[in-house]
Amino acid sequence: MTLPPGYQPLLAAAIRIYELPPAGRSIDVEASEEQRAELARQLGVSAVDSLRATVTVAAFRGGLRALGRLHAVVVQPCVISFEPVRQEIDEPVDRIFMPGREETARHEPGAEVFVDLEGDDIPDYFEGNELDLSALLVELLALAVDPYPRAPGA
């Protein structure tokens, strides 16, 4: 996931890569009221009432794998009646991150390289010594929000 220069993460969801224990490290993320208000603005919804995520990051085939769950409650207007519609989101988190180009160049000849040709997503890349999962969590939330919410009976 390549982020634009000057990107400021919305959520506190960074993990130091070089301090990962062999079994990985779990982080719990819970958005504050201000963060939820900013998420609602970015997503174009009325409100994000809650957002929590638990993600474990562990070494995986020369890179990192983030596994966990994202839970959120989003409120937005019905596309027909404009009544508020509440949507509960429960999404799996499963993403592969590979070292950026500078890291890739350091691998020895014959080193194992992860390529999943049958997977839905290509791996994302990271640079430096931290993996920030904030953009991933915002992306997963944005993709899970119903683009055409309907109130019951509408």
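Criteria and cut-off values
- Residues numbered from 1 in each chain as written.
- Predicted model: local features only at pLDDT ≥ 70, side-chain atom pairs only at ≥ 80, totals over all residues.
- Heavy atoms only, no water.
- Pairing = 2+ DSSP bridges.
- Helix = DSSP H or I, 4+ residues; strand = E, 2+ residues; numbered from the N terminus.
- Axes fitted to C-alpha atoms, helices over the stretch in contact; angles between N-to-C directions.
- Contact = heavy atoms within 4.5 Å.
- pLDDT = per-residue confidence, 0-100.
- Salt bridge = Lys/Arg side-chain N within 4 Å of Asp/Glu carboxyl O.
- Patch = residues over 30% accessible without salt bridge, like charges linked within 9 Å, V, L, I, M, F, W, Y side chains within 5 Å.
- Areas by Shrake-Rupley, 256 points an atom, 1.4 Å probe, with all protein chains shown as cover.
- Buried < 20%, exposed > 50% of the residue type's maximum accessible area, 1.4 Å probe, protein only.
- Parallel < 35°, antiparallel > 145°, perpendicular 65-115°, else oblique.
- Left-handed = near helix turned anticlockwise from the far one by under 90°.
- Nonpolar A, V, L, I, M, F, W, Y, C, P; charged D, E, K, R; others polar.
- Phe/Tyr/Trp six-rings, centres within 6.5 Å; stacked < 30°, edge-to-face > 60°.
- Lys NZ or Arg CZ within 6 Å of the ring centre and 35° of its normal.

## Some thoughts on the sheet that holds strand β4 (residues 63–77)
Read from one edge of the open sheet, 5 strands run β2-β3-β4-β5-β6, paired in mixed fashion. The sheet is open, and its two edges are formed by β2 (25–30) and β6 (124–126), each paired on a single side. Each neighbouring strand pair of the sheet contributes to a mean axis angle of 25°, computed without reference to strand direction. Two strands pair when backbone bridges link them, and strand β5 (residues 84–99) and β6 are joined in this way by 3 bridges, in the parallel orientation.

## Brief notes about the environment of Gly-100
Topologically, Gly-100 is positioned in the loop between β5 and α2 (101–104). With 28 residues separating them in the primary sequence, Gly-100 and Gly-128 have C-alpha atoms 8.4 Å apart. Those residues within four positions of Gly-100 in sequence are excluded, and the remaining contacts are Tyr-125, Phe-126 and Glu-127.

## Examining the confidence of the model for the protein
When pLDDT is averaged along the protein, the result is 84, and 82% of the positions lie at 70 or above. Across the protein, element-level confidence peaks in β4 with a mean pLDDT of 95 and bottoms out in α2 with 51.

## Side note on the pattern of salt bridges
Between side chains of opposite charge, a pair can form as their charged atoms come close. Tallied over the full model, the rule gives 6 salt bridges. With a shortest N-O distance of 2.9 Å, Arg-95 and Glu-139 are connected by a salt bridge. Here Arg-95 is found in strand β5, whereas its partner Glu-139 is found in helix α3 (residues 134–144), with 44 residues between them in sequence. When salt bridges that share partners are traced, they join Arg-95, Asp-124 and Glu-139 into one network.

## Here's the deal with a nonpolar patch on the surface
A cluster of nonpolar side chains, Val-79, Ile-80 and Tyr-148, forms an exposed patch at the surface whose accessible area comes to about 310 Å². With respect to the helices and strands, Val-79 occurs in the loop between β4 and β5. Among the residues examined, Val-79 registers a relative accessible area of 40% and is labelled partly exposed.

## A look at the packing of helix α1 (residues 33–43) against α3
Two elements in contact, α1 and α3, have axes whose closest approach is 11 Å; the angle formed by their N-to-C orientations is 55°. With respect to each other, α1 and α3 are oriented oblique. α3 is crossed by α1, and the crossing has right-handed handedness. Within the contact between the two elements, α1 uses Leu-39, Gln-42 and Leu-43 and α3 uses Val-138, Leu-141 and Ala-142. Broken down by class, the residue content of the contact of α1 with α3 amounts to 5 nonpolar, 1 polar and no charged.

## Structural notes on unusual backbone geometry
For Arg-61, which is not glycine, the phi torsion reads 50° and is therefore positive. Mapped onto the elements of the fold, Arg-61 is located in the loop between β3 (47–60) and β4. For Arg-61, a relative accessible area of 46% gives the class partly exposed.

## A closer look at the pairing of β3
Of the strand pairs in this sheet, β2 and β3 are connected by 6 bridges, and their pairing is antiparallel. Among the inter-strand pairings, Arg-25 is bridged to a residue of β3, identified as Val-57. Pairing geometry for β3 and β4, over 13 bridges, is antiparallel. Across the sheet, the residue bridging to Ala-47 is Val-75, located in β4.

## Focus: the packing of aromatic side chains
With the rule as written, the count across this model stands at 0 aromatic pairs. The ring of Phe-60 carries the charged tip of Arg-65 above its face, separated from the ring centre by 5.1 Å.

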